[in-house]
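Notes for the structure review
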There are 2 protein chains.
Amino acid sequence: MTTRAEIVIIGNEILSGKVADEHSAFLCREFRALGVDVRRVEIIPDEVDAIADAVRAAWERADLIVTTGGVGPTPDDVTIAGIARGLGRPVIRHPDLESLVRVLYGKQPLKAAERLAEVPEGATLISAPGLRVPVVVVEKLYIFPGVPETLRRKFHAIKSRFREAPFHLKRIYLAVGEEPIASALDDAVAKFPALLLGSYPVFDRQDYRVLLTLESKDLRYLTEAHAYLLARLPQGAVVRLDDGSPQPRSAWGEE
Amino acid sequence: MTTRAEIVIIGNEILSGKVADEHSAFLCREFRALGVDVRRVEIIPDEVDAIADAVRAAWERADLIVTTGGVGPTPDDVTIAGIARGLGRPVIRHPDLESLVRVLYGKQPLKAAERLAEVPEGATLISAPGLRVPVVVVEKLYIFPGVPETLRRKFHAIKSRFREAPFHLKRIYLAVGEEPIASALDDAVAKFPALLLGSYPVFDRQDYRVLLTLESKDLRYLTEAHAYLLARLPQGAVVRLDDGSPQPRSAWGEE
């Protein structure tokens, strides 16, 4: 079984175009490398109801949920309240977090510092080497901050717990456009329904016109599907083949 | 009334970490400049059911919906089928699009080319100068391609139809962290509930520690809220004030 993950990115600053979302690219890449299947990313505002709705819906569908953003001490930080409402739990102060916050923010006004110790009831804390503040988890839901550096540091510190069987990838680079290969792809998908197939035209390269990606966690199935498809592509269409998963370019698309 | 928009980004290549999403940043920035309020971004897989569910939910909530991706001729391009299912309409071939496709793809296999002429029943086409292929629209839902250059070209060609009253923005840069200002922000939000307030700490700058953003479409309301908040911030906390909306940095966050 592949873990189905969802990512909920909470932040008015992203929706209002002030900050570009970096979290989805980071988390999708990391989760893929860990063998986790990200099924959905949502970017929603810093509003209790929007967060509650998104968390409730994700909870129904996903095996693993990550939220980012909205966990500071100011009034736009309502992630904890939203998650608690979505899961039908009260907000409480976690005693361990409260002790930590008193050490870290001892000199600040009590009320703001206390907010940083709030969690949905039943939350647990995950500590790891290098983390000043632990990650707050509610069963399958992991609450991460919105600051990119802090998110990354925290994610890397605990990511080993998400690791499972990897995806295998084969790539086929083609000298022709999508139209002349569409029926071969249709055949391959019909014969190998579990194959994860992507077809990405590019317009600004001389060396190929379409990149096909074939993926599966089952290497044997992938190898068979790959051979089946190669045999059906138009003669002379294939420019290059490779495996592995370095970062492709971002100019892919389907038109 | 501010238009409430939702963006549905369709693409396995993003969820599997192969390509970083560029669409949400582009569309959020453009819509904000047009005065449109983006309420949600979703990134979902190239699957008919996932698309149908996302479109159905967005249709209930939003005044304006944009989809990107999944509109080519290969089997991973199922956006049209997904939107049609989500809206409970059949897929038909649009006669004008069919004629155009025959001109543009005349030499390609008929079946693949025909797919490019498919639309949900009731769809209309928006042509504009510089567009080789028109934008397909189903009432309030605009279907854009996933190739970034093509998406941008098409969006710019028709964006004037989305323009409405602009958002006004004021920024306050602070020499102190979030904790000592949290109660002043609480007061301002209580007094000006319609104010859009953001509080973003930064960790890697010498010149300020927190950036506050105050926004409203009502300039007078914004000015009053701004003055009210300034009067309540700790003495010496304010480093700098400005208006307008150039691109801030991406290292904002709440922790």
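Before going further, it helps to spend a moment on the packing of aromatic side chains. This structure, assessed with the given rule, holds 18 aromatic pairs over all chains. A ring pair is formed by Phe-192 of chain B and Tyr-221 of chain B, whose centres lie 5.4 Å apart and whose planes are at 80°; its orientation type is edge-to-face. With a gap of 29 residues between them, Phe-192 of chain B in the loop between α8 (182-191) and β10 (196-201) and Tyr-221 of chain B in helix α9 (residues 219-232) connect regions that are remote in the sequence. Aromatic ring contacts, followed pair by pair, group Phe-26, Phe-31, Tyr-142, Phe-144, Phe-155 and Phe-162 of chain A into a single cluster. Sitting over the ring of Phe-167 of chain A, Lys-217 of chain A keeps its end group 4.9 Å from the ring centre.

All names here are of chain A. Neither face of strand β8 (residues 141-144) is open: one carries Leu-141 and Ile-143, the other Tyr-142 and Phe-144, and all of them are buried. Examined bridge by bridge, strand β3 (residues 64-68) and β8 share 4 bridges and lie parallel to one another. In the strand pairing of β8, Val-66 is matched with Tyr-142. Sheet analysis places strand β7 (residues 135-138) next to β8, joined by 3 bridges and oriented antiparallel. Paired with Val-138 across the bridge in β8 is Leu-141. Taking the residues that link successive antiparallel strands as the turn, the β7-β8 hairpin has 2 residues, and the phi of Glu-139 there is positive, at about 50°.

On the chain B side, the residues contacting the 72 residues of chain A number 71 residues. Joining chain A to chain B, the criterion identifies 8 salt bridges. For the interface between chain A and chain B, the tally reads 14 residue pairs in polar contact (both at pLDDT 80 or more). Taken together, the elements giving at least two residues each to the side of chain A that touches chain B come down to α1 (12-15), α2 (23-33), β2 (37-44), α6 (110-115), α7 (148-158), α8 (182-191), β10 (196-201) and β11 (210-216) of chain A. Looking at the side of chain A that touches chain B element by element, the count peaks at 7 residues for β2 of chain A. The residue makeup of the side of chain A that touches chain B, split by class, is 32 nonpolar, 17 polar and 23 charged. With 3 bridges joining them, β2 of chain A and strand β2 (residues 37-44) of chain B adopt antiparallel strand pairing. The partner of Glu-42 of chain A across the bridge, within β2 of chain B, is Glu-42 of chain B.

This part covers the domain arrangement of chain A. Considered domain by domain, chain A is made up of domain 1 (4-162) and domain 2 (168-243). The gap between the C-alpha centroids of domain 1 of chain A and domain 2 of chain A is 38 Å.

This brings us to the relation of the copies chain A and chain B. At an RMSD of 0.0 Å, chain A and chain B line up after a rotation of 180° and a shift of 0.0 Å along the axis. With respect to symmetry, the two chain copies, as superposed, fit the operation of a two-fold axis. Every residue of chain A has its C-alpha some distance from the rotation axis, and the shortest such distance is that of Glu-42 of chain A, at 2.2 Å. A symmetric contact is evident, with 99% of the interface residues of chain A recurring at the interface of chain B.

Attention now moves to the sheet that holds β10 of chain B. Either a parallel or an antiparallel arrangement is found when strands of a sheet pair, and the pairing is made through backbone hydrogen bonds. Residue and element names in this part refer to chain B. The strand order across the open sheet built from 4 strands is β10-β11-β9-β12, with neighbouring strands paired in antiparallel fashion. Every other strand in the sheet has two partners, leaving β10 and β12 (238-243) as the edge strands with one partner each. Neighbour-to-neighbour, the strand axes of the sheet open up by a mean angle of 15°, direction not taken into account. Sheet topology note: the strand β9 (residues 168-174)/β12 ladder contains 5 bridges and is antiparallel. Paired with Arg-171 across the two strands is Asp-242, which belongs to β12.

A few words on the packing of helix α3 (residues 48-61) of chain A against helix α4 (residues 79-86) of chain A. All names here are of chain A. The N-to-C vectors of α3 and α4 enclose an angle of 50°; their axes lie 7 Å apart at closest approach. Regarding the angle of α3 to α4, the classification is oblique. Seen along the crossing, α3 lies across α4 with a hand that is right-handed. Along the contact surface, α3 presents Val-48, Asp-49, Ile-51, Ala-52, Val-55 and Arg-56, while α4 presents Thr-79, Ala-81, Gly-82, Ile-83, Arg-85 and Gly-86. When its residues are assigned to classes, the contact of α3 with α4 shows 6 nonpolar, 3 polar and 3 charged.

What counts and what doesn't
- Residues numbered from 1 in each chain as written.
- Chains lettered and ligands numbered in written order.
- Predicted model: local features only at pLDDT ≥ 70, side-chain atom pairs only at ≥ 80, totals over all residues.
- Heavy atoms only, no water.
- Phe/Tyr/Trp six-rings, centres within 6.5 Å; stacked < 30°, edge-to-face > 60°.
- Helix = DSSP H or I, 4+ residues; strand = E, 2+ residues; numbered from the N terminus.
- Lys NZ or Arg CZ within 6 Å of the ring centre and 35° of its normal.
- Buried < 20%, exposed > 50% of the residue type's maximum accessible area, 1.4 Å probe, protein only.
- Pairing = 2+ DSSP bridges.
- Contact = heavy atoms within 4.5 Å.
- Salt bridge = Lys/Arg side-chain N within 4 Å of Asp/Glu carboxyl O.
- Polar contact = N/O pair within 3.5 Å; in protein donor to acceptor, adjacent residues only side chain to side chain.
- Nonpolar A, V, L, I, M, F, W, Y, C, P; charged D, E, K, R; others polar.
- Domains from an automatic or database assignment.
- Least-squares fit on C-alpha atoms with pLDDT ≥ 70 in both.
- Axes fitted to C-alpha atoms, helices over the stretch in contact; angles between N-to-C directions.
- Parallel < 35°, antiparallel > 145°, perpendicular 65-115°, else oblique.
- Left-handed = near helix turned anticlockwise from the far one by under 90°.

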